[in-house]
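Results of the structural survey
Here is what each chain is made of, one letter per residue.
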Amino acid sequence: MTAIVGVEQGGRVFIGGDSAGVSGYSLTVRADEKVFRKDKYLFGFTTSFRMGQLLRYSLTLPKPAGDLEAFMSTVFVDALRECLKTGGWARKENDREEGGTFLVGVKGRLFTVHDDYQVAQAADGFAAVGCGDELALGALYATAGTSLGPRKRVLRALGAAERFSAGVRGPFICLKF
């Protein structure tokens, strides 16, 4: 349960996230952040704090090269799969591997990595994941073309998700890369 929000604008990526750790009806405001920079990447994760820990502390990030979409879909995903398998997080069912969901910014572009390891880039220049994603996407859409800067748009989207989703809670963090 969470809301992770990203905006791509002017060759920069802004990713923000909440602080909720949810299990059933229990909610803990966590001190360990869901949004962080690592090497030449910016991450914001949902799914599991364990997966986020593996991304942050174990993932050996390859240097982005060539066609960025192809790189992310192959070289990056291969490194991710290996990290999650080694860390005991990747799941395999019916010969299908699954990881988790997160946003990643690299070279001024925003990507969503889904639990089946597909890599997506939204045509709108913004994305959201987690239980508050639809609320956040609505806020991002409503603020597109306004005078609000990307950081304020991310924080406004997180605020909308917190207001209307039981699984989203501040404080919020927003980083740019």
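Placed above this text is the structure.
For the structure given in this document, a descriptive report is provided here.

What counts, and where the lines are drawn
- For every chain, the first residue of the written sequence is number 1, and numbering continues from 1 onward in sequence order.
- Only residues with pLDDT of 70 or above have their local features reported here, since the model is predicted, and side-chain atom pairs are shown and tallied only from 80 upward, although totals for entire chains, interfaces and linings are computed over all residues.
- Hydrogens and water are ignored here; the side-chain numbers use all heavy atoms of the structure.
- Secondary structure follows DSSP: runs of H or I at least 4 residues long count as helices, runs of E at least 2 residues long count as strands, and numbering of each begins at the N terminus.
- A patch is a set of surface residues, each over 30% in relative accessible area and not in a salt bridge, joined within 9 Å for like charges and within 5 Å for the nonpolar side chains Val, Leu, Ile, Met, Phe, Trp and Tyr.
- Using the Shrake-Rupley algorithm and a 1.4 Å probe, accessible areas are obtained, with residue cover drawn only from the displayed protein chains.
- Salt bridges are defined by distance alone: a side-chain nitrogen of Lys or Arg within 4 Å of a carboxyl oxygen of Asp or Glu.
- Here the positive residues are Lys and Arg and the negative ones are Asp and Glu; neither His nor the chain ends is included.
- All charge positions are set by atom: Lys at NZ, Arg at CZ, Asp at CG, Glu at CD.
- As used here, the term nonpolar core means buried Ala, Val, Leu, Ile, Met, Phe, Trp, Tyr and Cys residues forming a set that is joined through side-chain atoms within 4.5 Å.
- Here the term buried applies to any residue with accessible area under 20% of the maximum for its type, exposed to any over 50%, and partly exposed to those in between, with areas from a 1.4 Å probe on protein chains only.
- It only takes one pair of heavy atoms within 4.5 Å for two residues to be counted as in contact.
- In protein, a polar contact means a hydrogen-donor-capable atom and an acceptor-capable atom, both N or O and within 3.5 Å, with residues adjacent in sequence counting only if both atoms are side-chain atoms; elsewhere, any N or O pair within 3.5 Å suffices.
- Two rings from Phe, Tyr or Trp (for Trp, the six-membered ring) form a pair when their centres sit within 6.5 Å of each other. Planes less than 30 degrees apart are called stacked, planes more than 60 degrees apart edge-to-face, and all others tilted.
- A positively charged side chain is recorded as over a ring if its NZ (Lys) or CZ (Arg) lies within 6 Å of the ring centre. The angle to the ring normal must also be within 35 degrees.

Turning next to the environment of K107. As for its position among the elements, K107 is in the loop between β9 (102–106) and β10 (109–113). In this structure, the C-alpha to C-alpha distance between K107 and F177, residues 70 residues apart in sequence, is 8.3 Å.

As a further point, take a positive patch on the surface. Positive charge collects at one region of the surface, where R12, R37, R151 and K176 lie side by side. In this fold, K176 is placed in strand β13 (residues 173–176).

Membership of the largest hydrophobic core comes to 27 residues, with the highest contact counts inside it found for Y41, F43, L55, M72, F76, F102 and V104. Mapped onto this core, the elements with two or more residues apiece are β6 (41–45), α1 (49–57), α2 (68–86), β9 and β10. If you tally residues by element for this core, the top one is α2, at 9 residues. If near-sequence neighbours (up to four positions away) are discounted, Y41 is found in contact with F36, L61, P62, P64, F71, M72, F76, V104, G105, V106 and F177.

Moving on, we get to the side chain of S19. Within the element layout of this structure, S19 appears in the loop between β2 (12–17) and β3 (20–23). Residue classification places S19 among the buried residues on the basis of a relative accessible area of 11%.

Looking at K176, the relative accessible area reads 33%, which means it is partly exposed. Between the C-alpha atom of K176 and that of G105, which follows or precedes it by 71 residues, the distance is 8.8 Å.

Take α1 next. F49, M51, G52, L54 and L55 are the residues of α1 that are buried. The elements touched by buried residues of α1 are β3, β5 (35–38), β6, α2 and β9. If you check the start of α1, you find a side-chain oxygen 3.0 Å away from the backbone N of R50, and it comes from S48.

We now examine the packing of aromatic side chains. Under the defined criterion, the tally for this structure stands at 8 aromatic pairs. Taken together, a centroid distance of 6.5 Å and an interplanar angle of 25° make the contact between F43 and F76 stacked. You can see F43 sitting in strand β6 and its partner F76 sitting in helix α2, a full 33 residues away along the chain. Comparing F43 with F76, the two get one shared label, buried. Taken together, the aromatic side chains of F36, Y41, F43, F45, F49, F76 and F102 make up a single cluster linked through ring pairs. Stacked on the ring of F49, the Lys or Arg R30 has its end atom at 3.6 Å from the ring centre. Against the face of F164 rests R163, its NZ or CZ located 6.0 Å from the ring centre.

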